[in-house]
Amino acid sequence: MYNEKEKSVIRELAKRLAELANQPIMEERRKLWYAHNDLKTDQPVIDCSPEGAWREAIPPETLVCEDEILREIEWTLRARVFRAEQINDDVPAETRWDCLKIISDTGWTMEGTLAHNAFTNEGVMVPTISSIPGVWKKGFKFDETAAEFDPLIEDLEDIDQIYKLVPPKVIYDEEGSKRKLALHQELLGDILDVHWTGTTYLPFFWMETYTKIRGYENALFDLYDYPEEMHKLLEILEKGYLGLYQQQLDMGLLDMNNGCQYNGSGGYGYTNDITAPAPGEPLTFKHLWAFAESQEFISVSPEMTREYAIDYEKRLLSKFGLSAYGCCDNLEKKLPDILSIPNIRRISVSPWADVASMRDQIGMRAVFSCKPNPSYVTSGWDEDFMRDYTMKLLQDGKGTAFEMILKDTHTIQNDPSRFRKWTDLCRECITKVYG
């Protein structure tokens, strides 16, 4: 499958990653994340996630390997080294290496028709990196066009259609996963800590799922025109969503996510407040983080958001050890309901939120996951403006478990150096605000 040159490239990158992971600064960063997620410090944490712009930081044409599996390994190693050496944020380099089991699902279907990506996320969740599209694949193209879409359920008045909806079933390629593990162990096992890993990211994309079944415009009209029918459909989604993860749990396909695994809509799972089961005891949902968001309800009132989203999400999230909530939508007026989720631990603070208002409501009750406006970095770099903007975010958010998460960076105009500029500027501002 590989030649000696490809093997040498991969192993040298792995050795460099191991060297970086064992530096004293990385242990300091791990301790900071644990204290941060356990709500034991208000020292801010910096997380710079290139996301879509990773294809510009590590261009696929620079890869040496030809085989697609090897290209993914090589690309991931290069990205993790780049993060540690070039971005230099607070996300620690780790020796842990996840060989991901090959898991997918059937999606929500009805009469043979599939809801577009109703559950399956096409991105790959990489520890210390976040969600990445398959940029290492030959011929990869960033699709900037709108997807064609036809609702699965066109007529909500036809109650029989609702009950024809078939929830997703797990698909697991065990033999393919074993072959993949053997390759990862052969190439990396004596250098990195190779884990044969199942699902570690457990999202409830609540209204995204509904709108992919009904269509976004229909979903908003349903609130007024078909409230009872909408609840019937949501009840089916609740059962199906939980059933998907229960299937994975029963099949041994869920794994602990209380370390360097991506968490919520930004940040990482490091925590002492959920632990692995004792030897001989089974893994349960209570040993895991979960995540929910309904950003499609950005224009919907707090009252309707509670009734059609948060009440359902709360029941689902409450089954887990800790939970994260929110993405790009402004949650300022919906915080009382979000804070009523009993295990809430991370709340997203949108670029469009009133940071001071959210600070006053959240305090140290949950991680304050602040998302600066990425366009200020991706479309150009005005250092004086960015310094003033960042200082205000930090000042308005002081007194919380504050994290600065740069994400939704789908391009960097082929200038990855801006990521380091942003990280350095954040450190400078934190020193001024926090001492």
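Our structure's up above, just so we're on the same page.
What you see as residue numbers is a count from 1 along each chain, following the sequence as written. With the structure being a predicted model, the display of local features is reserved for residues of pLDDT at least 70 and the display and counting of side-chain atom pairs for 80 or more, all residues being used for whole-chain, interface and lining totals. Water and hydrogen atoms were dropped before computing side-chain values, which therefore reflect all heavy atoms in the structure.

(A) Layout of helix H12 (residues 355-362). For H12, the set of buried residues is Val355, Ala356, Met358 and Ile362. Down the axis of H12, the smallest arc covering the buried residues is 160°, so these residues share one side. In what follows, residue pairs with any heavy atoms lying within 4.5 Å of each other are defined as contacts. Each helix corresponds to a stretch of at least 4 residues labelled H or I by DSSP, and each strand to a stretch of at least 2 residues labelled E; elements are numbered beginning at the N terminus. Buried residues in H12 make contact with helix H11 (335-338), strand E13 (344-349), strand E14 (367-370) and helix H14 (383-397). Identification of polar contacts relies on pairs of N or O atoms within 3.5 Å, with a donor-acceptor requirement for protein atoms, meaning one able to donate a hydrogen and the other able to accept it, and with residues adjacent in sequence counted only if both atoms are side-chain atoms. With a side-chain oxygen positioned 3.2 Å from the backbone nitrogen of alanine 356, the residue opening H12 is aspartate 354. A 1.4 Å probe rolled over the protein chains alone gives each residue an accessible area, and that area as a share of the maximum for its type sets the label: buried under 20%, exposed over 50%, partly exposed in between. The directions from the helix axis to the C-beta atoms are what the arc is built from.

(B) Broad picture of helix H1 (residues 4-21). A helix's residues, less one, multiplied by 1.5 Å, set its expected span. Here H1 contains 18 residues, and its C-alpha end-to-end distance of 25 Å stays within 8% of the 26 Å for a straight helix at 1.5 Å per residue. The complete set of buried residues in H1 reads Glu6, Val9, Ile10, Arg11, Leu13, Ala14, Leu17, Ala18, Leu20 and Ala21. At its buried positions, H1 is contacted by helix H2 (24-37), helix H4 (68-87) and helix H6 (174-188). Of the residues flanking the start of H1, the one acting as N-cap is asparagine 3, its side-chain oxygen 3.1 Å from the backbone nitrogen of lysine 5.

(C) Structural detail: the environment of aspartate 98. Residue placement: aspartate 98 occurs in strand E2 (residues 96-100). A residue is classified by how much of its surface remains accessible, and aspartate 98, at 10% relative accessible area, is buried. The sequence separation of aspartate 98 and tryptophan 196 amounts to 98 residues, and the corresponding C-alpha distance is 6.1 Å. Of the polar contacts made by the side chain of aspartate 98, one reaches the side chain of arginine 96; its length is 2.6 Å. Within the structure, the side chain of aspartate 98 is placed 3.3 Å from the side chain of threonine 197, a separation counted as a polar contact.

(D) Looking closely at the side chain of arginine 11. Inspection of the secondary structure puts arginine 11 in helix H1. Residues in contact with arginine 11, not counting those within four places in the same chain, are Glu186, Leu187, Asp190 and Ile191.

(E) Highlighting the packing of aromatic side chains. Each pair of aromatic rings taken from Phe, Tyr and Trp, with Trp reduced to its six-membered ring, is defined by centres within 6.5 Å and is described as stacked if the planes are under 30 degrees apart, edge-to-face if over 60, and tilted in the remaining cases. Tallied over the entire structure, the rule returns 20 aromatic pairs. Summarising the aromatic geometry, the rings of phenylalanine 385 and tyrosine 389 are spaced 6.0 Å apart at their centres and angled 5° between planes, so their arrangement reads as stacked. Placement of the pair is phenylalanine 385 and tyrosine 389 together in helix H14, with a separation of four residues, close to one helical turn. A relative accessible area of 37% means that phenylalanine 385 is categorised as partly exposed. Comment: the charge-over-ring label is applied if NZ (Lys) or CZ (Arg) is within 6 Å of the ring centre and within 35 degrees of the ring normal. When the ring centre of tryptophan 196 is taken as origin, the NZ or CZ atom of lysine 101, which lies over that ring, is 4.6 Å away. Taking the ring centre of tyrosine 434 as reference, the NZ or CZ of lysine 398 above it sits at 5.2 Å.

(F) View of the packing of H1 against H4. One way to put it is that H1 packs onto H4 with a least axis distance of 9 Å and a crossing angle of 30°. With respect to their mutual orientation, H1 and H4 come out roughly parallel. When you trace H1 past H4, the crossing you get is left-handed. Between H1, through Glu6, Val9, Ile10, Leu13, Ala14, Arg16, Leu17 and Leu20, and H4, the contact on the second element is made entirely by Leu70, Ile73, Glu74, Leu77, Arg78, Arg80, Val81, Ala84 and Glu85. The residue inventory of the contact of H1 with H4, partitioned by class, reads eleven nonpolar, no polar and six charged. Helix axes are fitted only over the stretch in contact, all axes being lines through C-alpha atoms; the angle between N-to-C directions runs from 0 to 180 degrees. The cut-offs work like this: below 35 degrees is roughly parallel, past 145 is roughly antiparallel, 65 to 115 is roughly perpendicular, and the gaps in between are oblique. By the definition used in this description, the sense in which the near helix is turned from the far one sets the handedness, with an anticlockwise turn below a right angle giving left-handed and a clockwise turn giving right-handed. Under this grouping Gly is polar, as are all residues other than the nonpolar Ala, Val, Leu, Ile, Met, Phe, Trp, Tyr, Cys and Pro and the charged Asp, Glu, Lys and Arg.

(G) Spatial organisation of the pairing of strand E15 (residues 401-406). Burial runs high along E15: six of the six residues are buried. A two-sided burial pattern is seen for E15, the buried positions comprising Ala401, Glu403 and Ile405 on one face and Phe402, Met404 and Leu406 on the other. The pairing of strand E1 (residues 45-48) with E15 spans four bridges and is parallel. What sits directly across from cysteine 48, in E15, is leucine 406. Pairing of E14 with E15, which is carried by four bridges, proceeds in the parallel orientation. Within E15, the position partnered with cysteine 370 by the bridge is methionine 404. Between any two strands, pairing holds if DSSP finds at least two bridges.

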